[in-house]
Structures are given as structure tokens and as C-alpha cells.
Amino acid sequence: MMLPSLPQATIAVAASHERFPIRRIYCVGRNYGAHAEEMGHDRREPPFFFMKPADAVVDSAVTGPVPPATNDMHPEVELVVALAAGGRNVAVADAHALLWGAAVGVDLTRRDLQAEAKAKARPWDMAKGFDNSAPIGPLTPIAGVPSLEHGAITLSVDGEERQRGDLSHMIWSVAETIAHLSTLVALAPGDIIMTGTPSGVGSVRPGQTMLARIDGLEDLTVPVGSPVPTPGTGV
């Protein structure tokens, strides 16, 4: 029997036909003070991480369905950075040199499954790492990124603003996040880091369209498609 030939997960590159290959996707939890508070936590605690599969990435303007097994899907707008190099125990001062580019992303969350997992002290994997759960806009090469420390970050749904913050509100900067993560795993080229979301999260439903923006980066549009049928129910 022949071995399967699997596609490489990639992210679009701004103003280019090239695509950036993805190795792993790391996500930082509760990295904005106001969002940490709205989720019932302190404003500053050591960063913690969860992961999404590489093939969870969806390009801008590609319609993604509402996943099965949820009645409460939440979008979370995030600054996304892509690494061109890696290492272990990276110093904060050296972290910027690892960067390839940056983009706008949305961390989609099955909030009801996450709440259940939290209540039972279980992992978040099925709340965060489902199919199409990581829409990411085109990557801007790092030389063209105005700032990773300042700039408005917003999410609107059908023209109504849901989230508004500033990159300066991140509890842990991009460099600090990279440095801390590198003490836990060996980072490598192709790694993607989603850096957390401002406050204002809430549900979206089929037929709505999300628009995620960060100053100086390509916009990300996320149309919400019909729900995926739940096996055995026909709905």
C-alpha cells in the first residue's frame, strides 16, 4: 500500500504568490489585561500556551463553517508572528531576530466546550484546535511591519465593532513571549505564534462576516458558513 502524500500547511504572503510553510501553531492565553479580567483572571500571570494544528489555518475571505458540537463559537482577533529561525532559551533581546513576518489572525473558540473543559479540569484541545479554527491574513515581511508594540487591533462583525485594543496593551510583548516559549520547547523556522486577544469576545452565527484589523497589516475577512452537521442527528 502506498504511503499517503500530504499537503504542506501554509499561510499567504502579502503582495506575493509565495506561501509561508507552517511547522507548529502556538497560542498565548489571556495576554491582554482586560480580556484576562473578563474571563475571570488576574491581569498579569506567567504566560501559558496551547496549540492548534497547522492545517487549522484558513485564508482571508475563505468561508469557514460553524464547527459541530457547539452553540457558542467566539472569534478572538490576534497579532500573529511567523518565525524564520528558532532556538532554545532565546534572550528577549535576541527574539526579534527570529521573526519572518506578522499578520492578523482570529483564534476561533468553541466557548461552551472550553467552559466545560475548564470546569472538569480537562485540556482545551477540542475547544481550540478544531478544523478551520485559525483564520490568518497574509503575512507582511518583518521589514514592512510598522510596529509589534503599538497599533490598534480591532474585530467587527457585520460592521459592528466587537473588540478594540492596542498592541501596547499586551501583558507579555512579542519578544518576551518568544523568549518564554523557547524555555519550554525548541522553536524552529515555520513556527507561528498567536499572541492573545483584547476584551470584547462574543458569539458569531452563520451568515455573519468578521473583519479583523491591525494597523499596518493586511486586513483579514472571515465569512461564517453553515454549521457542520453533527453525526447521527442530520443537523
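See above for the structure.
For the structure given in this document, a descriptive report is provided here.

About the criteria used
Residues numbered from 1 in each chain as written. Predicted model: local features only at pLDDT ≥ 70, side-chain atom pairs only at ≥ 80, totals over all residues. Heavy atoms only, no water. Helix = DSSP H or I, 4+ residues; strand = E, 2+ residues; numbered from the N terminus. Buried < 20%, exposed > 50% of the residue type's maximum accessible area, 1.4 Å probe, protein only. 1 Å grid on protein atoms, 1.4 Å probe; cavity = no way out; pocket = protein on both sides within 12 Å on 5 of 7 lines; lining within 4 Å. Points joined across faces, edges and corners; volume = space filled by probe spheres on them. Nonpolar A, V, L, I, M, F, W, Y, C, P; charged D, E, K, R; others polar.

## Some details on unusual backbone geometry
Within the chain, Arg30 stands out as a residue other than glycine whose phi angle is a positive 50°. Residue position: Arg30 is located in the loop between strand E3 (25–29) and helix H1 (33–38). Positive phi values are uncommon outside glycine, yet Ala61 reaches one of about 75°. For Ala61, the position within the fold is in the loop between strand E5 (57–58) and strand E6 (64–66). By relative accessible area, which is 54% here, Ala61 ends up exposed.

## Topic: empty space enclosed by the protein
Scanning all chains against the criterion turns up two cavities of 30 Å³ or more. Taken as a whole, the second largest cavity encloses approximately 60 Å³ of empty space. Looking at the lining of the second largest cavity, the elements with two or more residues in it are E6 and strand E15 (220–227). For the lining of the second largest cavity, the element with the highest residue contribution is E15, accounting for three residues. Broken down by class, the residue content of the lining of the second largest cavity amounts to 10 nonpolar, two polar and no charged.

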